[in-house]
Amino acid sequence: MSPPIYAIMLSSLATGTIITMTSYHWLMAWIGLEINTLAILPIISASHNPRSTEAATKYFLTQAAASATVLFSSMLNAWQTGTWDITQMSYVPSSVLLSLALAMKLGLAPLHFWLPEVLQGSTLFTALIIVTWQKLAPMSLIYLTINNLSPTILLTLGLLSSIIGGWGGLNQTQTRKIMAYSSIANLGWMATIASIMTNIMVMNLLIYLMMTTALFSFLIVSKSKTIQDTTMTWALSPTMTIMMTFLLLSLGGLPPMTGFAPKWLILEELTTQNLISMAVLMAIFSLLSLFFYTRLAYTTTLTLSPNTLQTKFKWRFKQALSTPLMTTLSTMAIFLLPLTPLMLM
């Protein structure tokens, strides 16, 4: 894809998301979602191989179905209440339909099946866009309609996502699929807290975006598509290897890294709301996610894969991403825990 066309696609992607985030009319929100979906399809299928074409097809079908469900739920609500205002979603069947449609757009369990497959068929940079930028529009719709969405549905979707996100990532060897299940688990935590305290949800989303972008930056620079590839990152840069290890533990939610802050606050809030069993289950199933993050950290720092080649070093091709951005994001994704009270203000 030529640079001008690629720039047009990326700007259309940004425009679609911004239209959805700033609209108060359901038709405008739907138009934003459609622009967003249509802009990402050429980016996914740009590799010109059967896997990327399959990924683009799967992505289009699921997102089109979810957008159609959003439009249908808003039409039902307009029919019953006479308003197209996003914040006035008061008809209960419409709210249920909207919750399921947004869950499908985000990749929340049990509507998550498309996400690992689409990521596996994409390049690392495209996968980064799908698990970060593409989550902003549906999350903004959840934020705008949260007063009318069913807390029971959101809590159930959140718990299921944290279970399946942890369970699904255990047996994976591809880094893109691991990041897909990581995304499902993290979005499960956000869905859980969404109906209780939206400012924690927003903080969790920002920290998730920061950590995921930083980790994908490392994967892109080191060209690590499988777990075996990560065993060779020390030859590229020992400093990067150490930072990547801390970043993986931060994504797992271990103190004293930044990733511990949202999990700590969410568990505290669930306990305050007397949802003790929910908090216990979420904490237990987060250990599943922590296992595959720790396994990735172990292979990155402490393992050297058996190689038939005489050399242990990778060819040092030109880096595909600017190092200052990667350094800034990874530092923030590891050391921001002491600033947690300021983030909540």
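Residues numbered from 1 in each chain as written. Predicted model: local features only at pLDDT ≥ 70, side-chain atom pairs only at ≥ 80, totals over all residues. Heavy atoms only, no water.

Visitor: Which parts of the structure should I look at to understand the domain arrangement of the protein chain?
Guide: As a measure of interface size, the accessible area lost when the parts come together is often cited. Segmentation of the protein chain into domains returns domain 1 (1-149) and domain 2 (156-344). Inter-centroid distance (C-alpha atoms) of domain 1 to domain 2 is 23 Å. Taken residue by residue, the interface counts 27 residues in domain 1 and 31 residues in domain 2. Roughly 2500 Å² of surface becomes buried between domain 1 and domain 2 when both sides are summed, with 81% attributable to carbon and sulfur atoms. When the buried surface of domain 1 facing domain 2 is broken down by residue, Gln 120, Leu 124 and Met 139 rank first, second and third, together holding 26% of it. Summed over the shared surface of domain 1 and domain 2, the result is one salt bridge. Between Lys 177 and Glu 117 there is a salt bridge, with the nearest N and O atoms lying 3.5 Å from each other. Summed over the shared surface of domain 1 and domain 2, the number is four residue pairs in polar contact (both at pLDDT 80 or more). (Domains from an automatic or database assignment. Contact = heavy atoms within 4.5 Å. Buried area = accessible area lost by both parts, 1.4 Å probe. Salt bridge = Lys/Arg side-chain N within 4 Å of Asp/Glu carboxyl O. Polar contact = N/O pair within 3.5 Å; in protein donor to acceptor, adjacent residues only side chain to side chain.)

Visitor: What's the story with the UniProt feature "domain: NADH:quinone oxidoreductase/Mrp antiporter transmembrane" (unreviewed entry) in the protein chain in this structure? I'm lost.
Guide: Sites flagged by UniProt as "domain: NADH:quinone oxidoreductase/Mrp antiporter transmembrane" (unreviewed entry) map to residues 23-288. Counting secondary structure, residues 23-288 comes out at 77% helix and 0% strand; the distance between its end C-alpha atoms is 38 Å. (UniProt positions renumbered as here; feature names shortened; annotations may be inferred. Helix = DSSP H or I, 4+ residues; strand = E, 2+ residues; numbered from the N terminus.)

Visitor: Which parts of the structure should I look at to understand helix α13 (residues 238-252)?
Guide: Over its 15 residues, α13 runs 21 Å from end to end, which matches the ideal 21 Å to within 8%, given 1.5 Å per residue. Across the 15 residues of α13, 11 count as buried, placing the element largely inside the fold. Met 240, Thr 241, Met 243, Met 244, Thr 245, Leu 247, Leu 248, Leu 249, Ser 250, Leu 251 and Gly 252 are the residues of α13 that are buried. Directly beyond the C-terminal end of α13, a positive phi value near 90° is found at Gly 253. (Expected span 1.5 Å × (residues − 1). Buried < 20%, exposed > 50% of the residue type's maximum accessible area, 1.4 Å probe, protein only.)

Visitor: Looking at this structure, how should I read the packing of helix α10 (residues 198-222) against α13?
Guide: Helix-helix packing is described using two parameters, namely the angle between the two axes and the distance between the axes. The interhelical angle for the contact between α10 and α13, taken along N-to-C directions, is 145°, at an axis separation of 10 Å. Crossing hand, α10 versus α13: left-handed. Along its contact with α10, which presents Met 211, Thr 212, Ala 214, Leu 215, Phe 218, Leu 219, Val 221 and Ser 222, the element α13 presents Met 240, Met 243, Met 244, Leu 247, Leu 248, Ser 250 and Leu 251. (Axes fitted to C-alpha atoms, helices over the stretch in contact; angles between N-to-C directions. Left-handed = near helix turned anticlockwise from the far one by under 90°.)

Visitor: I keep staring at the packing of aromatic side chains and nothing clicks. Help me out?
Guide: A ring pair, where both rings are aromatic, is described by two values, the distance of the centres and the angle of the planes. Using the criterion set out here, one finds three aromatic pairs in the structure. Seen from their ring centres, Phe 292 and Tyr 293 are 4.9 Å apart, and the 50° between their planes marks the pair as tilted. In terms of burial, Phe 292 and Tyr 293 fall into one category: buried. In this structure, Lys 263 packs its charged tip against the face of Trp 189, placed 5.2 Å from the ring centre. (Phe/Tyr/Trp six-rings, centres within 6.5 Å; stacked < 30°, edge-to-face > 60°. Lys NZ or Arg CZ within 6 Å of the ring centre and 35° of its normal.)

Visitor: Whenever I open this one, helix α9 (residues 175-194) confuses me. Can you help?
Guide: One turn of an α-helix holds 3.6 residues; hence residues three or four places apart share an orientation. Here α9 contains 20 residues, and its C-alpha end-to-end distance of 28 Å stays within 8% of the 28 Å for a straight helix at 1.5 Å per residue. Among the 20 residues that make up α9, 20 are buried, leaving the element largely enclosed by the rest of the structure.

Visitor: Hey, could you run me through the side chain of Ser 222 in this one?
Guide: By the secondary structure assignment, Ser 222 is in helix α10. A distance of 2.8 Å separates a polar atom in the side chain of Ser 222 from a polar atom in the side chain of Ser 224.

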